[in-house]
Structures are given as C-alpha cells and as structure tokens.
Amino acid sequence: MNRILHPLLASMLVFGIAACSKQGPDSAAPAAASAPAAAAEGQLTVGLAVSTLNNPFFVSLRKGAEDEAKKDGVNLITVDAQDDPAKQQASVEDLIQKKVNVILINPTDSSAVANVVKEATGKGIKVVSLDRSVNGAEVSAHIASDNVAGGKMAGEYLLEKLGGKGRIVELEGIAGSSAARERGEGFHKVVDGKAEVKLLAKQPADFDRAKGLSVMENIIQGNKDIQGVFAHNDEMALGALKAIQAAGLKNVVVVGFDATADAVAAVKAGTLAATVQQQPELIGQYGIQTAKKLAAGQSVDKFIPVPLNLIKQ
C-alpha cells in the first residue's frame, strides 16, 4: 500500500508546485500589460503630438524637439496622427494615460483637438501648441512663426516677380488648420483689391505633394493662362511645379512656404521662385524649452514667435 501511495503523493506534489509556479507570473502579467507607461521617477516626460511625419517640415520639428530633449535629459514621447483628427485625439488621450507632464501639440485640425486639450488641462497637464493654434481650448503657450506675416511676405514677393499684375492660383492647406487660414489671410491682404490681379482658382490640396500635383493638373486643364502660384506649403508648391512643367507652361512664378530641403534646392535650381522659411527645428527646440519652464512652475509668454525669412532666387 505504502509503495502505491508514495508515488501518488509525489506526483500530486509535483503537479501542485508546477501549477503554483504557472499561476504567479501569468496572473501578474495582464495587470502589468494593462497599466499605462508612466514618466520615470523624477524625470520630466513630454508628449509630442504631431499632425503628420509624412511631411519634411514636421520631421524637422520633431528633430529639433528630440535634440533639445536629449540635451536636457527630457523623456520625449512622439505620436503621429497621420493627418487624421480622430487618430490624433486617441493618441493624445494615450499621452494623458501615460501621465506625461506636458503635451506639445501640432494640431491636424485646430478645432477638433479642443476637447482632448481640455481633458489634458483638466488633469493638470500643461499643453503648448506648435505651428498651428488650438481653437476652443486654452493652452499655456503657442509657438509659431507669424503665419499671417508669412503669407503677406509670399504675396508681396509673388506680385513683385509678376510686376504687380497677373492671373494667379492659390493652393490651400488642410481646411480647419490655423496655418492654412492665417497664411491665406496674409496672402489676401496683399493680392485682394488689385485691379490687375485675378485669382483664377483657390483650392485645398491638404499640404500634400501628390494632392498639389493633382489639384494643379485639374486647374491647368481648365485654364493654362497662369502666371503665378502661391501654395500654403512647400509640398504643395513642389507638386504644383511638377504639374506646370508636365503641361509645358513657361515663366510661372511659384512661391511655397516652410523652406524644406527639397524646396530650398528647387529655389537654388531656379525652378521654385521662393519659399518662406519657418525654421521648424527651432519650433521643436522652443517647445522643449517651454515645457521645462512650465514643469518648473515658471511663467511663459502666451505667444512665442519664431523668426521668418524669405529664401528667393
């Protein structure tokens, strides 16, 4: 009997130990997986919510923020909305769950982010807008170039190159974004009311190069008598330039905005007339510097301007 019981007890004991060892790690794992990542103890954590990293301008902005964060020992978490307002809202909510100290937001849609910005500030998280402002919610600071002044600068140079007259096209950015609204406002302060200036078309191409190409192609199909183009960013300007070249149009003055590497190269090559330089890396750098001040309880200016330049032929 004992010879039968001993092996039975031994096998039951081994099974019990195995079951206990399996129970421990597996039961703890789901709890750990569901817990949001949080800032390291004593380290400043900043969330950077970018409208899209499919645009060289915002890649440069992120680089400026990353370089400054690395220099200052700041933990930076970047999320990419891919130009989708709903995706941006979800990614900012995730940053809130991660309990970041400050959120730097470059809105895809200036109005659509209002609710999630209110949610962040309601939980004590400081929010700073970059390049594009937030409509309908209070932020601690807004860091950007003066887009109205930039649009005006572009319009003045375009008219200078055209001798104060001509038939022009305006390619707009994403509807609802402050950058599109403000750059357009500055441009129209210059061109509106000019008797010898005719605005042939004013159409959105969503800050996208491929859309800039297709929108410009459609415009050209309807009217080839075009002397000038102002695009709210370089991506659209470069797309429009490609459509103009493909259509065989000559002496069309194209002005962009952002001074991306491709645009600056096009200006040097003599194909793009000019681009307004915003210095996106500086916007990202200022963002981290401002986040540090806010986290330390220091006061900051409501608007922090970034200098503009015009790069021209």
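Everything numeric in this text was worked out from a predicted model, so none of it was measured.

(A) Focus on the pattern of salt bridges. Enumeration according to the criterion identifies 15 salt bridges in this entry. Close ionic contact of K152 with E156 constitutes a salt bridge, the shortest N to O distance being 2.9 Å. With K152 and E156 both in helix α5 (residues 147–162), this residue pair falls four residues apart, about one helical turn. Relative accessible area serves as the criterion here: at 40%, E156 is assigned to the partly exposed category. With a shortest N-O distance of 2.9 Å, K211 and D206 are connected by a salt bridge. Take D206: its relative accessible area is 26%, and that puts it in the partly exposed class. One network of salt bridges, with partners in common, ties together D131, R183 and D258.

(B) Main features of the packing of helix α7 (residues 209–222) against helix α8 (residues 234–246). Where α7 meets α8, the closest approach of the two axes is 7 Å, and the angle between their N-to-C directions is 45 degrees. The angle between α7 and α8 falls in the class oblique. The two elements α7 and α8 meet at a crossing, and its hand is right-handed. Together, R209, G212, L213, M216, E217 and I220 of α7 and E235, M236, L238, G239, A240, K242, A243 and I244 of α8 make up the contact between the two elements. Tallied by class, the residues present in the contact of α7 with α8 amount to eight nonpolar, two polar and four charged.

(C) Broad picture of the environment of L249. Of note, L249 is situated in the loop between α8 and β9 (253–258). Sequence-wise, L249 and Q227 are 22 residues apart; in three dimensions their C-alpha atoms are separated by 9.2 Å. Sequence-distant contacts of L249, defined by excluding residues within four places in its chain, comprise I220, K224 and I244.

(D) Just the sheet that holds β9, in detail. Ordered by their spatial adjacency, six strands build an open sheet running β7-β6-β8-β9-β10-β12, and the pairing between neighbours is mixed. Unpaired on one side and paired on the other, β7 (197–204) and β12 (309–312) mark the two borders of the sheet. Between one strand axis and the next, the sheet turns by 15 degrees as a mean value, whatever way the strands run. Sheet strands touched by α7: β6 (166–172), β7 and β8 (228–231). Its angle to β6, the strand with the most contacts, is close to 145 degrees.

(E) Looking closely at the pairing of strand β4 (residues 126–130). In terms of burial, β4 is a largely internal element, four of the five residues being buried. Pairing of strand β3 (residues 102–105) with β4 involves four bridges; the strand directions are parallel. Bridge pairing in β4 places I103 opposite V127. The parallel pair β3 and β4, bridged by helix α4 (residues 114–122), forms a crossover whose chirality is right-handed.

Each value, and the rule that gives it
- All residue numbers here refer to positions counted from 1 along the written sequence of the relevant chain.
- Predicted model: local features are reported for residues with pLDDT of at least 70 only, side-chain atom pairs are reported and counted for 80 or more only, and whole-chain, interface and lining totals are derived from all residues.
- Remark: hydrogens and water are excluded; side-chain values derive from all non-hydrogen atoms of the structure.
- One speaks of a salt bridge when a side-chain nitrogen belonging to Lys or Arg is within 4 Å of a carboxyl oxygen belonging to Asp or Glu.
- Elements are defined by DSSP. Helices are runs of H or I of four residues or more, strands are runs of E of two residues or more, and each kind is numbered from the N terminus.
- We call a residue buried when its accessible area falls under 20% of the maximum for its residue type, exposed when it is over 50%, and partly exposed in between, using a 1.4 Å probe and counting protein chains only.
- Lines fitted to the C-alpha atoms define the axes, with helices restricted to the stretch that makes contact. Angles between their N-to-C directions range from 0 to 180 degrees.
- Working rule for angles: under 35 degrees goes down as roughly parallel, over 145 as roughly antiparallel, 65 to 115 as roughly perpendicular, anything else as oblique.
- Rotating anticlockwise by less than a right angle from the far helix to the near helix defines a left-handed crossing, while the corresponding clockwise rotation defines a right-handed one.
- Every residue pair with non-hydrogen atoms within 4.5 Å of one another is taken to be in contact.
- Gly falls in the polar group here, along with every residue not listed as nonpolar (Ala, Val, Leu, Ile, Met, Phe, Trp, Tyr, Cys, Pro) or charged (Asp, Glu, Lys, Arg).
- DSSP calls a pair of strands paired once it identifies at least 2 bridges connecting them.
- Here, the term right-handed applies to a crossover whose path from the first strand over the helix to the second runs clockwise when the strands point away from the viewer.

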